There are 4 protein chains.
Amino acid sequence: MQLGLVGLGRMGFNMRERLRAAGHEVVGYDRNADVSDVASIADLAAALQGERVVWIMVPHGDPTRETVEELAAALSAGDLVIEGGNSKFTDDQEHAARLAENGIRYVDVGVSGGVWGATNGYGLMAGGDTADVERAMPIFDALRPEGPREEGFAHAGPVGAGHYAKMVHNGIEYGLMQAYAEGFELLAASDVVTDVPATIKAWSRGTVVRSWLLDLLVRALDEDPELQELRGWVSDSGEGRWTVEESINNAVPTPVITSALFARFASRQEDSPAMKAVAALRNQFGGHSVQKSDS
Amino acid sequence: MQLGLVGLGRMGFNMRERLRAAGHEVVGYDRNADVSDVASIADLAAALQGERVVWIMVPHGDPTRETVEELAAALSAGDLVIEGGNSKFTDDQEHAARLAENGIRYVDVGVSGGVWGATNGYGLMAGGDTADVERAMPIFDALRPEGPREEGFAHAGPVGAGHYAKMVHNGIEYGLMQAYAEGFELLAASDVVTDVPATIKAWSRGTVVRSWLLDLLVRALDEDPELQELRGWVSDSGEGRWTVEESINNAVPTPVITSALFARFASRQEDSPAMKAVAALRNQFGGHSVQKSDS
Amino acid sequence: MQLGLVGLGRMGFNMRERLRAAGHEVVGYDRNADVSDVASIADLAAALQGERVVWIMVPHGDPTRETVEELAAALSAGDLVIEGGNSKFTDDQEHAARLAENGIRYVDVGVSGGVWGATNGYGLMAGGDTADVERAMPIFDALRPEGPREEGFAHAGPVGAGHYAKMVHNGIEYGLMQAYAEGFELLAASDVVTDVPATIKAWSRGTVVRSWLLDLLVRALDEDPELQELRGWVSDSGEGRWTVEESINNAVPTPVITSALFARFASRQEDSPAMKAVAALRNQFGGHSVQKSDS
Amino acid sequence: MQLGLVGLGRMGFNMRERLRAAGHEVVGYDRNADVSDVASIADLAAALQGERVVWIMVPHGDPTRETVEELAAALSAGDLVIEGGNSKFTDDQEHAARLAENGIRYVDVGVSGGVWGATNGYGLMAGGDTADVERAMPIFDALRPEGPREEGFAHAGPVGAGHYAKMVHNGIEYGLMQAYAEGFELLAASDVVTDVPATIKAWSRGTVVRSWLLDLLVRALDEDPELQELRGWVSDSGEGRWTVEESINNAVPTPVITSALFARFASRQEDSPAMKAVAALRNQFGGHSVQKSDS
């Protein structure tokens, strides 16, 4: 089928390739003219026939909001917008309402798989009305991995449910990564296991902890067995924070996901103000030795 | 090759099957005569020719210690004992030393895979001298999953390293399970995603969180979509505790693994004494409403 | 000086007493006519002379918002409203802006001390312009504990800072209470210390952990040495959640405060869905025994 | 009464002063001749009349073990040894058993108060037989703070209970300090409260969070309002680790105390191996930007 695709960055570019390989006709637009098929969103709208389907794949927040606004102007009643970026689920309500003013339908989709999705396919979680989700199914089928549809795609619920599912997926991901990371650090810190990379590689098959993330850790250790070339500095991109906020809103204890998020926060601190306060307290009550700042 | 196998419970029984299917000659001994091939450990020793290799697969602690003691008596210098149960790595030193008094060699092996190992093969982590590990390699090759040896087997280090690696493996496992579990609870508690089992099933392919544990969660939700038939009561079998103790001994922060362990402790409490104390404090300072015990 | 006081619940009622005992003229209004001095907020406004100062002490959220609305109508330019309830700091901006439309000034005050404040005095944290804070200082001086002003009162910053300070104060409070509670549980669970209440009471003087909260725990244990009459069920009233949200907004790791909040969430669950999921996973991979739900 | 005192470091020296000020006759021994009253433990034993009481106040572990050994030789049946250092409670069993071989009695005492104890008195928790504890009561009364005995002293239980109580006390202390520290960091990180030291000082009276530790934090901030002169590097001295180990042994969830311990571990790491692993994973799956090590 025909698809308009706004945003041809790392993810969008790969998705266009995968969709075209599956026989779909994709008209892509990006501000970067080098990769764009058309000169503007208006041109993109003009290039699509009949009831149009346009997929948004730009950074969440303002860029997505502005794209929704442009599409509200360029598209017509009955057209369908699919938001496949990392929007917060609460944004989806606003996007859908804005487009509904012009009779335009809306589906949000959480997309997982990273740079590997281009070849492996992407895990997809969709939110929206059933008819709208069904309409885009040929696209979803082309993007998701091979195998049974239900193992790589879900209609998770109404508008917002796709990004909510992706948010929780990412929260879990934080926890999984931290679990492996703690195990790696303990193996490396103790001197009992003498071949840490080989030990972790041996978990690839048969064990309870085998996973795709483990495979990636094995790859990383193949390249750099002690991870000497990296700093322990880790960014976070929103979904982890939102997951914790939602766990608070729903009074759900999420100590593992939250610990993983806090570990990222701490990884980015040059020095910890909290631990300065603890050092100050110990100094006050016990005359315990403290380390003075260099400054 | 020939192998003596002490302990034919759920794990040992399956391993005998898998080893025999691979063409090895296994003489099994168990206190339960219904499954045992011989009447005693002495008989087992007598049934093996040349330099003997005997695998122990009984519960850790006293049963393993007693078996080591019996094997020290029944075996001869040059024989090899492989401890494949869930011993604490510190026990391995003692086992090896006891057997060394009689010139008997010792290798410890961490075995992962649960009931699925019978068909999938088991992930194996071995500790001991290289010559001893090599000697048992035909057995390891039969037990581990198909594929490259290094993806299902590692010689992790000297005596104790196999169980140390398995201990850390299990600590990671605690963290992974808790991460999925928190995500499941949040999805179930919020009302945004309306089809939780389908959403989790859609993570099976292509996503960052795909794993064998996820596949098992999908299976569990296929059988009981809201997990209504289970209580949130979870045992722990030692390795999680040892992992945290070792993280303390090595001053390694392991908030995720520890949170997962504490969640299990809490799951087994009828009521929390700590939270009684918090309730008592709130009652004291603020006249906040408290819930009285039924008793 | 003269003060209007809206809200004569547990806190407001006590504050009126304390202010009158200090020689101030307080006109109190409450929907409950039994405790109210006047019949309406309009009457309260009419009963005050010159530039009026009115203190709000009603539940946060809608009740406070409605009271601000009523005061916007009843008061005049130059009057001052002090919000002493547990409003979220972001609400203060809205209250101040609404009142500023009518030229009315606004100060927010965080108030700590619970039911004991009536006799001990209340710890106070104020947010607003310096001139406004100074104007209300006689009231603050009467409410705060005896001793140097700076040990029971702070001008924390602009509008919102008073409630922000109180929010963080309460987040810390969550952590402190949980720390004592965990220690209590460990003492009670192990059998080494045979007289737990006496041990905790001995921490009242001289030790590093002595505090007012400890004194309250001692009182609670004097009344009920094993806290048998309470359930481990603990509510939360907002500030703890907001503290964690703010820690996330500012990328500040707050594992202790967050753990204390999550322990409250868990205390209110009949059964843990997350631990059901962990039990389900263990059952799937290891055939581990699970506890079936009664239902 | 007469007391032998072995160990005249910071704590022991101050205690000798306080005991002498209370009228007791103290014979102190230290390896440092400058502060010692006698030349050896043998001389100390010789300088005491009748049934002797000797207090040990040296570092825990080997120094305490060696002192116990020397006292076993120097003292006689019926004499009493009081171990007032920071021994692990399990050591007390060994010390008591060793001394009992020679008929010497043993009491362990947890001592809290730091450098301030010299003037304020020390909080004391004793473990041992009632008759032995009673015999040393004049010493305990002189060391503990003024006020009712039960507010600064407890007979916590049999041998080991004193140090167990002190261990839990210190675990709680870790949690309390971390709670204040997290609140401090959040106040400092957000820009809502503009006068952080004044705000914290205002918690000194009337508030729920007032405590001696808060008073010390106020002192520290008086001296250095942004704690600029300190590094966020915090040591740990054993009791926190033992508390977590004991919480694991007793299946008691202690997330707050454990989080505080882990924060100390993390504070001493130049870089986090775990976070390197997380960075490596993100790099693998998403091509996320990582920070390269300088090395």
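Residues numbered from 1 in each chain as written. Chains lettered and ligands numbered in written order. Predicted model: local features only at pLDDT ≥ 70, side-chain atom pairs only at ≥ 80, totals over all residues. Heavy atoms only, no water.

- Chain A is annotated in an unreviewed UniProt entry as Decarboxylating 6-phosphogluconate dehydrogenase of Allosaccharopolyspora coralli.

1. Describing the nonpolar core
1) Next: Counting residues in hydrophobic clusters, the biggest one holds 221 residues, and the most contacted among them are I200(A), I200(B), I200(C) and I200(D).
2) Next: Not counting the four nearest positions on each side in its chain, I200(C) is found in contact with F184(C), L187(C), L214(C), L217(C), V218(C) and L221(C). (Core = buried A, V, L, I, M, F, W, Y, C linked by side-chain atoms within 4.5 Å. Buried < 20%, exposed > 50% of the residue type's maximum accessible area, 1.4 Å probe, protein only. Contact = heavy atoms within 4.5 Å.)

2. Thoughts on helix α11 (residues 239-249) of chain D
1) Next: Across the 11 residues that make up α11(D), a large majority, 10, are buried.
2) Next: Those residues of α11(D) that sit buried are E239(D), G240(D), R241(D), W242(D), T243(D), V244(D), E245(D), E246(D), S247(D) and I248(D).
3) Next: Elements that come into contact with the buried residues of α11(D) comprise α11 (239-249) and α12 (255-267) of chain B, α8 (161-189) of chain C together with α4 (89-100), α8 (161-189) and α12 (255-267) of chain D.
4) Next: Phi turns positive, to about 55°, at A251(D), one or two residues after α11(D). (Helix = DSSP H or I, 4+ residues; strand = E, 2+ residues; numbered from the N terminus.)

3. Remarks on the packing of aromatic side chains
1) Next: Applying the stated criterion to the full structure yields 20 aromatic pairs over all chains.
2) Next: Judged by centre distance (6.0 Å) and plane angle (40°), the ring pair of F262(C) and F265(C) falls under tilted. Of this pair, F262(C) and F265(C) both sit in helix α12 (residues 255-267), 3 residues apart, which is roughly one turn of that helix.
3) Next: Here F265(C) falls in the buried class, since its relative accessible area comes to 1%.
4) Next: Three or more aromatic residues joined by ring pairs make a cluster, and in this case those are W55(A), F140(A) and F153(A).
5) Next: Of note, R264(A) hangs over the ring of Y174(A), and the distance from its end group to the ring centre comes to 3.6 Å. (Phe/Tyr/Trp six-rings, centres within 6.5 Å; stacked < 30°, edge-to-face > 60°. Lys NZ or Arg CZ within 6 Å of the ring centre and 35° of its normal.)

4. Details of the interface of chain C and chain A
1) Next: Contact with chain C, which involves 20 residues of that partner, is made by 20 residues of chain A.
2) Next: Of the roughly 1,500 Å² buried at the junction of chain C and chain A (both faces included), carbon and sulfur atoms supply 75%.
3) Next: Sorting the residues of chain C by area buried against chain A places I248(C), P253(C) and F262(C) first, and these three jointly supply 39% of that buried surface.
4) Next: If you look at where chain C meets chain A, you find 0 salt bridges. (Buried area = accessible area lost by both parts, 1.4 Å probe. Salt bridge = Lys/Arg side-chain N within 4 Å of Asp/Glu carboxyl O.)

5. Side note on the environment of T194(D)
1) Next: In this fold, T194(D) is placed in the loop between α8 and α9 (196-201).
2) Next: Separated by 26 residues in sequence, T194(D) and A220(D) have C-alpha atoms that sit 18 Å apart.
3) Next: The residues touching T194(D), leaving out its near neighbours within four places in the chain, are A156(C), G157(C) and P158(C).

6. Side note on the relation of the copies chain C and chain A
Between the two copies of this chain, the relationship is a rotation about some axis together with a displacement along it.
1) Next: Expressed as a screw transformation, the operator carrying chain C onto chain A has a rotation angle of 180° and an axial translation of 0.0 Å, and the superposed copies differ by an RMSD of 0.0 Å. Here the copies are linked by what is in effect a two-fold axis. Among all residues of chain C, the one whose C-alpha sits closest to the rotation axis is E245(C), at a distance of 3.2 Å.
2) Next: A high fraction, 100%, of the interface residues of chain C reappear at the interface in chain A, so the copies pair face to face through one surface. (Least-squares fit on C-alpha atoms with pLDDT ≥ 70 in both.)

7. Considerations on helix α1 (residues 10-21) of chain B
The α-helix winds at 3.6 residues per turn, so residues separated by three or four positions along the chain end up facing the same way.
Residues and elements named next belong to chain B.
1) Next: Compared with the 16 Å implied by 1.5 Å per residue over 12 residues, the 17 Å span of α1 between its first and last C-alpha is a close match.
2) Next: Turning to α1, its buried residues number three or more, namely G12, N14, M15, R16, R18 and L19.
3) Next: Elements that come into contact with the buried residues of α1 comprise β1 (2-6), β2 (25-29), β3 (53-56), α5 (117-120) and α7 (137-143).
4) Next: Following α1 by one or two positions, G23 adopts a phi angle in the positive range, close to 95°. (Expected span 1.5 Å × (residues − 1).)

8. Some details on the relation of the copies chain C and chain D
1) Next: When chain C is fitted to chain D, the residual RMSD is 0.0 Å, and the transformation amounts to a turn of 180° plus an axial shift of 0.0 Å.
2) Next: When the interface residues of chain C are mapped onto chain D, 100% of them again lie at the interface, so the same face is used by both copies.

9. So, the packing of helix α13 (residues 273-286) of chain A against α8(D)
1) Next: It is the contact of α13(A) with α8(D), at a shortest axis distance of 8 Å, that shows an interaxial angle of 130°. Classified by the angle their axes make, α13(A) and α8(D) are oblique. The hand of the α13(A)/α8(D) crossing is right-handed. Here P273(A), A274(A), M275(A), A277(A), V278(A), L281(A), R282(A) and F285(A) of α13(A) lie close against α8(D), whose contacting residues are E173(D), M177(D), Q178(D), A181(D), E182(D), F184(D) and E185(D). (Axes fitted to C-alpha atoms, helices over the stretch in contact; angles between N-to-C directions. Parallel < 35°, antiparallel > 145°, perpendicular 65-115°, else oblique. Left-handed = near helix turned anticlockwise from the far one by under 90°.)

10. Brief notes about the sheet that holds strand β1 (residues 2-6) of chain C
To summarise the sheet geometry, strands pair through backbone hydrogen bonds and adopt either a parallel or an antiparallel arrangement.
Residues and elements named next belong to chain C.
1) Next: Taken in spatial order, the 7 strands of this open sheet run β2-β1-β3-β4-β5-β6-β7, and their pairing is mixed. The sheet terminates laterally at β2 (25-29) and β7 (153-157), the two strands that pair on one side only. Taken over all neighbouring pairs, the strand axes of this sheet differ in orientation by 25° on average, direction set aside.
2) Next: Helix α1 (residues 10-21) rests against β1, β2, β3 (53-56) and β5 (105-112) of the sheet, and its axis sits at about 165° to β2.
3) Next: Strand contacts of helix α4 (residues 89-100): β4 (80-83) and β5, with the helix running at about 150° to β5, the strand carrying the most contacts. (Pairing = 2+ DSSP bridges.)

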